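# Report on the structure
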Amino acid sequence: MVGTDLRQQLRNYIQSSHEQGILDETFDRVKNLESDGNPQFLSEIFSMFCHDAENGIAELARFLDEPVIDYENVSAFAHQLKGSSSSVGGNRMVLACCELRQACSNKTKEGCFEAFDKVKREYCILRDNLNFIAQMEKTILTNEARRRSQ
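Everything quoted here is computed from the prediction, not taken from an experiment.

## A few points about the UniProt feature "domain: HPt" (unreviewed entry) in the chain
- Following the UniProt record, one finds the feature "domain: HPt" (unreviewed entry) at residues 38-140.
- Measuring from the first to the last C-alpha atom of residues 38-140 gives 14 Å, for a span that is 86% helix and 0% strand.

## A short note on the packing of aromatic side chains
- Enumeration over the complete set of coordinates arrives at four aromatic pairs.
- Plain terms: the ring middles of F27 and F46 are 6.1 Å apart, the flat faces sit at 20° to each other, and that makes the pair stacked. Separated by 19 residues along the polypeptide, F27 in helix 2 (residues 25-32) and F46 in helix 3 (residues 41-64) bring together distant segments of the chain. Considered together, F27 and F46 belong to a single accessibility category, that of buried residues.
- Here the aromatic rings of F63 and F77 are separated by 5.4 Å at their centres, their planes lie at 45°, and the arrangement is tilted. Pair noted here: F63 is in helix 3 and F77 is in helix 4 (residues 71-87), with a separation of 14 residues, a long-range link.
- For F77, a relative accessible area of 22% translates into the label partly exposed.
- A cation over a ring is seen here: R62 above F63, with NZ or CZ 4.8 Å from the ring centre.

## Side note on the side chain of S75
- Mapped onto the fold, S75 is located in helix 4.
- Sequence-distant contacts of S75, defined by excluding residues within four places in its chain, comprise R101 and C104.

## Digging into the environment of R101
- Here R101 lies in helix 5 (residues 91-106).
- Along the chain, R101 and F77 lie 24 residues apart, while their C-alpha atoms are 9.1 Å from each other.
- Discounting chain neighbours no more than four positions away, the residues touching R101 are S75, A78 and H79.

## Details of the UniProt feature "modified residue: Phosphohistidine" (unreviewed entry) in the chain
- Under the feature "modified residue: Phosphohistidine" (unreviewed entry), the UniProt entry names H79.
- On the basis of relative accessibility, which here comes to 42%, the residue H79 falls in the partly exposed class.

## A short note on the packing of helix 3 against helix 6 (residues 109-149)
- Between helix 3 and helix 6, the shortest axis-to-axis distance is 10 Å and the interhelical angle comes to 165°. It follows from the interaxial angle that helix 3 and helix 6 lie roughly antiparallel. As helix 3 packs across helix 6, the resulting crossing turns out to be left-handed. Between helix 3, through L42, S43, F46, F49, C50, A53, E54, I57, L60, A61 and L64, and helix 6, the contact on the second element is made entirely by C112, F113, F116, V119, K120, Y123, L126, R127, L130, I133, A134 and E137.
- In terms of residue class, the contact of helix 3 with helix 6 is made up of 18 nonpolar, one polar and four charged.

## Notes on unusual backbone geometry
- Positioned with a positive phi, K107 is a non-glycine residue whose angle comes to about 55°.
- With respect to the helices and strands, the residue K107 is situated in the loop between helix 5 and helix 6.

## Focus: the nonpolar core
- F49 and L100 are the most contacted members of the largest nonpolar core, which totals 41 residues.
- The contacts of L100, once residues within four sequence positions are left out, are L60, V74, A78, C112, A115, F116 and V119.

## Here's the deal with helix 2
- Considered for burial, the residues of helix 2 that qualify are T26, F27 and V30. On an axial view of helix 2, the arc spanned by its buried residues comes to 105°, and they lie on one face. Across from the buried face of helix 2, at angles greater than 90 degrees, the exposed residues are R29 and N32.
- The N-cap residue of helix 2 is D24: its side-chain oxygen and the backbone nitrogen of T26 are 2.9 Å apart.

Basis of the calculations
- Residues numbered from 1 in each chain as written.
- Predicted model: local features only at pLDDT ≥ 70, side-chain atom pairs only at ≥ 80, totals over all residues.
- Heavy atoms only, no water.
- UniProt positions renumbered as here; feature names shortened; annotations may be inferred.
- Helix = DSSP H or I, 4+ residues; strand = E, 2+ residues; numbered from the N terminus.
- Phe/Tyr/Trp six-rings, centres within 6.5 Å; stacked < 30°, edge-to-face > 60°.
- Buried < 20%, exposed > 50% of the residue type's maximum accessible area, 1.4 Å probe, protein only.
- Lys NZ or Arg CZ within 6 Å of the ring centre and 35° of its normal.
- Contact = heavy atoms within 4.5 Å.
- Axes fitted to C-alpha atoms, helices over the stretch in contact; angles between N-to-C directions.
- Parallel < 35°, antiparallel > 145°, perpendicular 65-115°, else oblique.
- Left-handed = near helix turned anticlockwise from the far one by under 90°.
- Nonpolar A, V, L, I, M, F, W, Y, C, P; charged D, E, K, R; others polar.
- Core = buried A, V, L, I, M, F, W, Y, C linked by side-chain atoms within 4.5 Å.
- Arc of directions from axis to C-beta.
- Polar contact = N/O pair within 3.5 Å; in protein donor to acceptor, adjacent residues only side chain to side chain.

As structure tokens, this is what we get:
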């Protein structure tokens, strides 16, 4: 019964994340790739995404901290970040990366700073959502394993 309640809570949380635009249908496809043979799949994917995203954000910060902004490099890193965000279904983060790329195309320093702040905010929201989902999945699996061993 507790396992069912947790599964429903997880479904509700994911649905809410969809409704808020944080996650999109790509997330559902990635989640469906997880199997009994590899129950840590989502956690591993999320961990790799967070590692890559944090490195990308650090590079963006470094480029944006230069006296003269290399808009081409900022745009290239924003594009990479957009791709990795898209691969985990991070809808709002993808949109924030698009805004940063647009600011680079317009060559507006202030626009780049504003868009980069949004990228960082959306990353934190996405990371927290993904971590919560992974933790709930882990708890569900642990509870199911305990029930089977009893």
